[in-house]
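Survey of secondary and tertiary structure
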Amino acid sequence: MGKVRTAIVKRTAKKLLELFPDKVSTDFNTNKELVKTYVHTKSKKLRNQIAGYLTRLARMKLETQ
């Protein structure tokens, strides 16, 4: 069984993908810097979760094209 992502992680990642489709990449570290720039979180864990889900969304979007 996989880990469950919270609604805030999914909602934030989808919003970033919608707002900045040209800046989102399939590389986790690039997305981590993007999240650090545009989302103000105190938690490193939350930032990494958002960046990880954003990377997954970008890869899924790339596969469907």
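Here, every reference points to the structure presented above.
Residues numbered from 1 in each chain as written. Predicted model: local features only at pLDDT ≥ 70, side-chain atom pairs only at ≥ 80, totals over all residues. Heavy atoms only, no water.

Topic: the overall build of the chain
A count of helices and strands for the chain gives 3 helices and 0 strands. Element order for the chain, N to C, with α for helix and β for strand: α-α-α. A compact globule built from 65 residues would reach a C-alpha radius of gyration of about 11 Å, and the chain, at 11 Å, matches this within 12%. The principal-axis extent of the C-alpha atoms belonging to the chain is close to 35 × 30 × 20 Å. Each of the 65 residues in the chain was classed as buried or not, and the buried ones make up 29%. (Helix = DSSP H or I, 4+ residues; strand = E, 2+ residues; numbered from the N terminus. Rg over C-alpha atoms; globule rule 2.2 N^0.38 Å. Buried < 20%, exposed > 50% of the residue type's maximum accessible area, 1.4 Å probe, protein only.)

Examining helix α2 (residues 28-38)
Taken residue by residue, α2 has Asn31, Leu34 and Val35 as its buried positions. Here the buried residues of α2 occupy an arc of 95 degrees about the axis, which is enough to place them on one side. In the core, the buried residues of α2 are packed alongside α1 (7-19) and α3 (44-64). (Arc of directions from axis to C-beta. Contact = heavy atoms within 4.5 Å.)

Here's the deal with α3
With 21 residues, α3 should reach 30 Å at 1.5 Å per residue; the first-to-last C-alpha distance of 31 Å fits that figure. Within α3, burial applies to Arg47, Ile50, Ala51, Tyr53, Leu54, Thr55, Leu57 and Ala58. Those residues of α3 that are buried are in contact with α1 and α2. Taking the backbone nitrogen of Lys45 as reference, a side-chain oxygen 3.3 Å away marks Ser43 as the first, capping residue of α3. (Expected span 1.5 Å × (residues − 1). Polar contact = N/O pair within 3.5 Å; in protein donor to acceptor, adjacent residues only side chain to side chain.)

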